[in-house]
Amino acid sequence: MKQIIQTLLLFLCLGIVSTGAAQVQVNLTVSPNPSPRISDWADRTEVAILTVTNTSPDLEGTPYKIRMRLFFDDALVAETHMPSVPQRSFVLGTEVFL
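The structure presented is a predicted model; accordingly, all values stated were derived computationally and were not measured.

Participant: Which parts of the structure should I look at to understand unusual backbone geometry?
Facilitator: The backbone of D73 shows a phi angle near 50°, a positive value even though the residue is not glycine. Topologically, D73 is positioned in the loop between β4 (63-72) and β5 (75-79). Positive phi, normally seen in glycine, also occurs at D74, with a value near 65°. One can find D74 in the loop between β4 and β5.

See below:
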């Protein structure tokens, strides 16, 4: 049963013009055996965990949005609807999103 998603891309859309001194790290941890039904993912927070770590005080308060695209066999299966995604602001330290 290897019909698991082949490619999971995640884009973090930043509202930063200059990222020369940016110190932001984004980690995506995905369950090794996620349900093949994307609809199941909404109720199972352990499927994907996104960790955003900001180590730069200069970026504190900078707005950003999280954009997700999900591909199966090189075909786009699902993606976030960007106008409805809440804008977040960087905090100094680590934030975890389930």
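Participant: I tried to follow the pairing of β5 on my own but got confused; where do I start?
Facilitator: Walk down a regular strand and you will see the side chains alternate between the two sheet faces. In the sheet, β4 pairs with β5 via 4 bridges, with the strands oriented antiparallel. Residue pairing for β5: F72 is matched across the bridge by A75. Between β4 and the antiparallel strand that follows it, β5, lie 2 residues; D73 among them carries a positive phi value of about 50°.

Participant: Honestly, the side chain of T53 in this entry has me stumped. Any pointers?
Facilitator: Tracing the sequence through the fold places T53 in strand β3 (residues 48-54). For T53, a relative accessible area of 17% translates into the label buried. At 3.2 Å, the side chain of T53 forms a polar contact with the side chain of T94. With sequence-adjacent residues up to four places away left out, T53 is seen in contact with Q23, V24, Q25, G93 and T94.

Participant: Please clarify how the nonpolar core should be interpreted in this entry.
Facilitator: In globular proteins that are soluble, nonpolar side chains generally tend to be buried together. L50, V52, L59, Y64, I66, F90 and F97 form the largest nonpolar core, which has 7 residues in total. Among the secondary structure elements, those contributing two or more residues to this core are β3 and β4. The residues touching F97, leaving out its near neighbours within four places in the chain, are A48, I49, L50, V52, Y64, I66 and R88.

Participant: Sorry if this is basic, but what is going on with the sheet that holds β3 here?
Facilitator: To summarise the sheet geometry, strands pair through backbone hydrogen bonds and adopt either a parallel or an antiparallel arrangement. One open sheet holds the 3 strands; their spatial order is β2-β3-β7, and the pairing between them is antiparallel. Among the strands making up the open sheet, the edge pair consists of β2 (24-30) and β7 (93-97). Between one strand axis and the next, the sheet turns through 15° on average, direction left out of account. Across 7 bridges, the pairing between β2 and β3 is antiparallel. Residue pairing for β3: V26 is matched across the bridge by V52.

Participant: Sorry if this is basic, but what is going on with the environment of S84 here?
Facilitator: On the secondary structure map, S84 appears in the loop between β5 and β6 (88-89). Among the polar contacts made by the side chain of S84, one reaches the main-chain carbonyl oxygen of H81 at a distance of 2.8 Å.

What counts and how
Residue positions are counted from 1 within each chain, in the order its sequence is given. Predicted model: local features are reported for residues with pLDDT of at least 70 only, side-chain atom pairs are reported and counted for 80 or more only, and whole-chain, interface and lining totals are derived from all residues. Hydrogen atoms and water are omitted, and side-chain values are computed over all heavy atoms in the structure. Numbered from the N terminus, helices here are DSSP runs of H or I no shorter than four residues, and strands are runs of E no shorter than two. Pairing between two strands is assigned when DSSP locates at least 2 bridges connecting them. Each residue gets one of three labels from its accessible area relative to the maximum for its type: buried under 20%, exposed over 50%, partly exposed in between, using a 1.4 Å probe on protein chains only. Between N or O atoms, a polar contact is any pair within 3.5 Å; within protein, one atom must be a potential hydrogen donor and the other a potential acceptor, and residues adjacent in sequence are included only when both atoms are from side chains. Any two residues having at least one pair of non-hydrogen atoms within 4.5 Å are treated as being in contact. Here, nonpolar core refers to any group of buried Ala, Val, Leu, Ile, Met, Phe, Trp, Tyr and Cys residues whose side-chain atoms link them within 4.5 Å. Axes here mean lines fitted to C-alpha atoms, for a helix over just the part in contact, with angles spanning 0 to 180 degrees between N-to-C directions.

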